[in-house]
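Chain residues, written in single-letter form:
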Amino acid sequence: MASITVSDISKAFSGQPILRDVSLDIRDGEFLSLVGPSGCGKSTLLRIIAGLEEQDHGSVEIGGRSVDAERPGRRDVAMVFQSYALYPHLSVYDNMAAPLRQRSLTQFQRGFGLARLLPKARRKEAEFRREIEATATMLGISGLLQRKPAQLSGGQRQRVALGRAIVRHPKAFLMDEPLSNLDAKLRDTVRAEISALHRRLGATFLYVTHDQAEAMTMSDRIAIIMEGQVLQIGAPSDVYHDPADLRVARFIGSPRINVLAGEIDGSGRAVLLGRAFDLDIAPPAHGKVQLAFRPHDAGLCNADTAQLVGTISHIENLGSDILIHLALPGSEEPVIIRESHETAIHRRLGDSVGLKLDSKKLLVFDETTGKRLRTPAQTETAS
Amino acid sequence: MRGRRLSSIIASVTAHAVLMAGAVIMLTPFLWMELTSLKPPQEIFRLGLHILPREWGGAENYGRVFSDTPMLRFLLNGIVVCGAIVILQILIAVPAAYALAKIPFRGRGLFFALILVSLLVPIQVPSLFLYLGFARAGLLDSYASLVLPFIISAFAIFLLRQHFLQFPQEVVEAARLDKFGEFEIAWRIVLPSARPAIGAFAVFSMVAHWNDLYWPLVVVTDPEMATPPLGVVFFRNQESGSDFGALMAAATVISAPLIIAFLAAQKTFVRGLTSIR
Amino acid sequence: MTALSAQKRAEARIGLVLASPAILLLVLLVVLPVLATAGFSLTDYRLGTQTIGFAGLDNYGTLWNDPRFWQSVGNTALYTLIVVPGSVGLGLGAALLIEGRGWLRPFYRVAYFLPVASTFIAMAIVWEFLMNPSVGLFNQILFALGLPGINFFGNAQTALFSMAAIGIWELTGFNMVLFMAGLAAIPRDLYDACAVDGGESGWDRFRMVTWPMLGPTTFFVAIITMIRAVRVFEVAAVITQGRPEGATEVLLYSIYVQAFQYFNIGYAAALIVVFLVVTALIALVQARFGGGREASR
């Protein structure tokens, strides 16, 4: 177990920058997710930490020691790949034994099938067997040890890949989209299992995914990466409720956050879709802004009393809740509002309803930089 | 519904009739070879159509094959020559293909271009120059002259390179993290996965060289050094087309190894022989 | 970082070491002989003579004016024009008929493929016997039916066709297996879609799905067969020696006779160059239109 520190990492592929000055601190025993759209550089960062890719500059420390000059095998991190990357010609048992043998047996001992003859190697093999069997039992694959990877289902291969990482007790687990090749139902199960595994092992997990829901449900902290930069690091609830950047706000959360273009005039009032509102957000600046709010942070009201009126264009019934899509004149995308079953039950397509905003929950972003402009009240709660 | 069923039965019967007729044509040479090799000469030369042997001539025919020709020597030559070719081809092709697929080195592109061009060159093209070379070196009528021209197979290198290229890079990376060295990755992880491809190539090459007549005809005049195809040609010329029973027996003996191997391992054979895809 | 770069340089050296035996042998056994042969074709070199003189394109001029050469080219072309459509067509037909023929399918597959797995020259000698004018099976059948016999290899009108028949027999099963693999790769959904769109008969299915989907396979099979057909040699060399009247004289046999019986090195080298150009042209057609599949040696 160890902490991982990444400082000022940059990387370009054939002139195309993939990572720009990325710095990250992963604490010992922490579950940290790197999340972002595909091509944002999150996998490259993971591969640089593993030593599979060489950074252009910057440095990586694992357990307080620089590993920049070390080959992947010497960094003592385990990786679970998207394709699982099991050795196709080896049985499940031998797949799990491979990292142990590579680490503990000499070239001579493992070279010529001598492991069974040499007493020292035999003792070690017995240790490996105990370790592998214990791990296999924990993962529920002890019945599969003699099978070849080709004879396993996707979920079983996934568990073997985890097992191969676990048996060697690495300093950290690096996982590169390990769930993306599983079907939706299995993904939920394994998600819970990986979380449980993390609690049980107490090891450092660095987890790469493009699925924000996966990151939200599993992690201690989330690092959102876009266009080669870390936009925000924080606990799931922080990045959800208190995003530092409009891109983070848009990326995290499902259904997506609502964003309306607006302006803050000289008197501190917000102008939305051409109408002035009495919203008490006391903005830190004037000029063009983007105002964002989560579907559950606004409500619907009677059209007569509302300042902002739209038409219901679509109703999505999620069972527990209902999502109302509201088409607002002057806004391209509909606004999505989450309502409870009881209130939403009489809504009909085409109804004219009013939109009720809560100024405390409105998130204000600079129009050009996309950076968050915190209102005084929000600054207070954030600190 | 009934009309449809009837017409499908008619289609099925027709298909089987056509296929069966084709199969008879395909198998006739084999059957006739066997049957004739079991007939005494007077029966072969008797006019009129008769299929099964009435008298037993097998012992005499097969006996003549082994007494009049060094047939066992032909077979041994065939095994030695084909075995040596296939083993050397693989030993040379595997490292070259691995380097082409997985290790960037200076001149790799040129090397691969050379491989692609060599795929277009059949043995008959270099044969003239190689013959002159072996003649000058006094190596005609030797295993060396039968084996050496074939030990480099551009096809094997091409085929294996494709295979190594398709080997998932993530598995190689997993091995690096598991502390395998680069040499161990090649030898213990990537190479075992190529075993089926190497096996398919070995079958392909074995059949091709067991069958080759052109090159043995060029470099071998001594019957002691003849491969099975050349041996049966020598025997045919020696008999000058009179003793068909013995000739068919000889044809049976030199065809037998491949046919038995094919019947025993059909899947491997078909995959190997069609691996040019 | 520098440690990793040094590692990469070391790996590159290993790559060269691994490839070097192959590179060396390729140069020695392919590149050098090909270049030398091209060089010989510009000389009057004959084995046994003391001097080698530069002859320019004289050998090619002699070729051009030699009716035997043109007969040899013509025979090879005619042989190819019979064997390619014959064995490709029959191979395709057999593959289509065998598809879904239940329990006899393995038998048919073995029967049709057996010629491919046999020793060809032995079977050619069997064919010669089958086609023997007096005691051969075919003529015995014809006699039994009261028909006149055919002197298959003795008659200039039938000799090349007899040779082509053996060629078709040899290659049909091979092509059939390639077509079977092509058929297996056609997604079942397409047949369902065809049925839904009103394709009722087997012919409709063939016309709308099978044939278009087999296009690349057919092209590939035709090229492979063509490369094999222009290399026809064994029957001409062993059974007919180009006779009667040069009716079975084919390109490779001409090369063999000129090079290794008359030791006309310069002239034979010119023939080899022509042969190489022909095979290379076929392969280039494949590379250009065949989507990158490679021919074999």
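Residues numbered from 1 in each chain as written. Chains lettered and ligands numbered in written order. Predicted model: local features only at pLDDT ≥ 70, side-chain atom pairs only at ≥ 80, totals over all residues. Heavy atoms only, no water.

Undergrad: Quick rundown of the domain arrangement of chain A? Include the residues and the values.
TA: Assigned domains within chain A: domain 1 (4-241) and domain 2 (256-378). Between the C-alpha centres of domain 1 of chain A and domain 2 of chain A there is a distance of 42 Å. (Domains from an automatic or database assignment.)

Undergrad: Any chance you could break down the sheet that holds strand β11 (residues 258-264) of chain A for me, citing the residues and the numbers?
TA: Residues and elements named next belong to chain A. Strand order in the open sheet formed by five strands is β13-β12-β11-β14-β20, with antiparallel pairing between adjacent strands. At either end of the open sheet lies a strand with only one pairing partner, and these are β13 (275-277) and β20 (363-366). Across the sheet, the axes of successive neighbouring strands diverge by a mean angle of 40°, strand direction being ignored. Relative to β20, strand β14 (residues 287-293) is paired through four bridges, and the arrangement is antiparallel. (Pairing = 2+ DSSP bridges. Helix = DSSP H or I, 4+ residues; strand = E, 2+ residues; numbered from the N terminus. Axes fitted to C-alpha atoms, helices over the stretch in contact; angles between N-to-C directions.)

Undergrad: Break down the packing of helix α14 (residues 244-264) of chain B against helix α5 (residues 120-130) of chain C for me, citing the residues and quoting the values.
TA: In contact at an axis separation of 9 Å, α14 of chain B and α5 of chain C are set at 150° when each is read in the N-to-C sense. One finds that α14 of chain B runs roughly antiparallel with respect to α5 of chain C. For α14 of chain B against α5 of chain C, the interelement crossing comes out left-handed. Touching Phe244, Leu247, Met248, Ala251, Ile254 and Ser255 of chain B of α14 of chain B are Ala122, Met123, Ile125, Val126 and Phe129 of chain C, all from α5 of chain C. For the contact of α14 of chain B with α5 of chain C, the residue count by class is ten nonpolar, one polar and no charged. (Parallel < 35°, antiparallel > 145°, perpendicular 65-115°, else oblique. Left-handed = near helix turned anticlockwise from the far one by under 90°. Contact = heavy atoms within 4.5 Å. Nonpolar A, V, L, I, M, F, W, Y, C, P; charged D, E, K, R; others polar.)

Undergrad: Lay out the UniProt feature "transmembrane region" (unreviewed entry) in chain C with the relevant residues and their values.
TA: All names here are of chain C. Mapped onto this numbering, the UniProt entry annotates "transmembrane region" (unreviewed entry) at residues 12-36, 77-98, 110-130, 136-154, 166-186, 206-227 and 265-287. Between the C-alpha atoms that bound residues 136-154 the distance is 13 Å, and the span itself is 42% helix and 0% strand. When the span residues 166-186 is considered, its composition is 90% helix and 0% strand, and the gap between its end C-alpha atoms is 31 Å. (UniProt positions renumbered as here; feature names shortened; annotations may be inferred.)

Undergrad: I'd like to hear about the pattern of salt bridges, residue by residue, with values.
TA: One side chain can pair with another of opposite charge once the charged atoms of both are near each other. Throughout the structure, instances matching the rule amount to 32 salt bridges over all chains. Between Glu30 of chain A and Arg27 of chain A there is a salt bridge, and its shortest N-O distance comes to 3.8 Å. Because the salt bridges share partners, they merge into one network encompassing Asp76, Arg103, Arg164 and Arg168 of chain A together with Asp178 of chain B. (Salt bridge = Lys/Arg side-chain N within 4 Å of Asp/Glu carboxyl O.)

Undergrad: Tell me about the sheet that holds strand β5 (residues 65-66) of chain A, and name the residues and values.
TA: Residue and element names in this part refer to chain A. Strands sit in the order β2-β1-β4-β5 across an open sheet of four strands; the sheet is antiparallel. Two strands close off the open sheet at either side, each with one partner strand: β2 (16-26) and β5. Bridge analysis of strand β4 (residues 57-62) against β5 gives two bridges, and the strand direction is antiparallel. Bridge pairing in β5 places Ile62 opposite Arg65. Of the strands in this sheet, β1 (4-13), β2 and β4 are in contact with helix α1 (residues 42-50), which crosses β1 at around 120°.

Undergrad: Quick rundown of the environment of Val125 of chain B? Include the residues and the values.
TA: With respect to the helices and strands, the residue Val125 of chain B is situated in helix α6 (residues 124-136). Among the residues examined, Val125 of chain B registers a relative accessible area of 1% and is labelled buried. Setting aside anything within four residues of it in sequence, one finds Val125 of chain B in contact with Val34, Thr37, Ile272, Phe275 and Leu276 of chain C. (Buried < 20%, exposed > 50% of the residue type's maximum accessible area, 1.4 Å probe, protein only.)

Undergrad: So, the interface of chain B and chain A: which residues are in play, and what are the values?
TA: Counting residues at the interface gives 16 residues for chain B, matched by 26 residues for chain A. Summed over both partners, the interface of chain B with chain A comes to about 1900 Å²; 55% of that surface belongs to carbon and sulfur atoms. Our count for the chain B to chain A interface comes out at three salt bridges. Along the contact surface separating chain B from chain A lie eleven residue pairs in polar contact (both at pLDDT 80 or more). Secondary-structure elements contributing two or more residues to the side of chain B that touches chain A are α9 (169-177) and α10 (182-193) of chain B. Ranked by residue count, the leading element in the side of chain B that touches chain A is α9 of chain B, at seven residues. (Buried area = accessible area lost by both parts, 1.4 Å probe. Polar contact = N/O pair within 3.5 Å; in protein donor to acceptor, adjacent residues only side chain to side chain.)

Undergrad: Quick rundown of the interface of chain B and chain C? Include the residues and the values.
TA: Every contact between the two is made by 88 residues of chain B and, on the other side, 89 residues of chain C. Roughly 8300 Å² of surface becomes buried between chain B and chain C when both sides are summed, with 78% attributable to carbon and sulfur atoms. Two residues, Arg236 of chain B and Glu128 of chain C, come together in a salt bridge whose shortest N-O distance is 2.8 Å. If you look at where chain B meets chain C, you find ten residue pairs in polar contact (both at pLDDT 80 or more). Take the side of chain B that touches chain C: its biggest share by element is 17 residues, from helix α1 (residues 2-37) of chain B. Among the residues forming the side of chain B that touches chain C, the class breakdown is 70 nonpolar, 13 polar and five charged.

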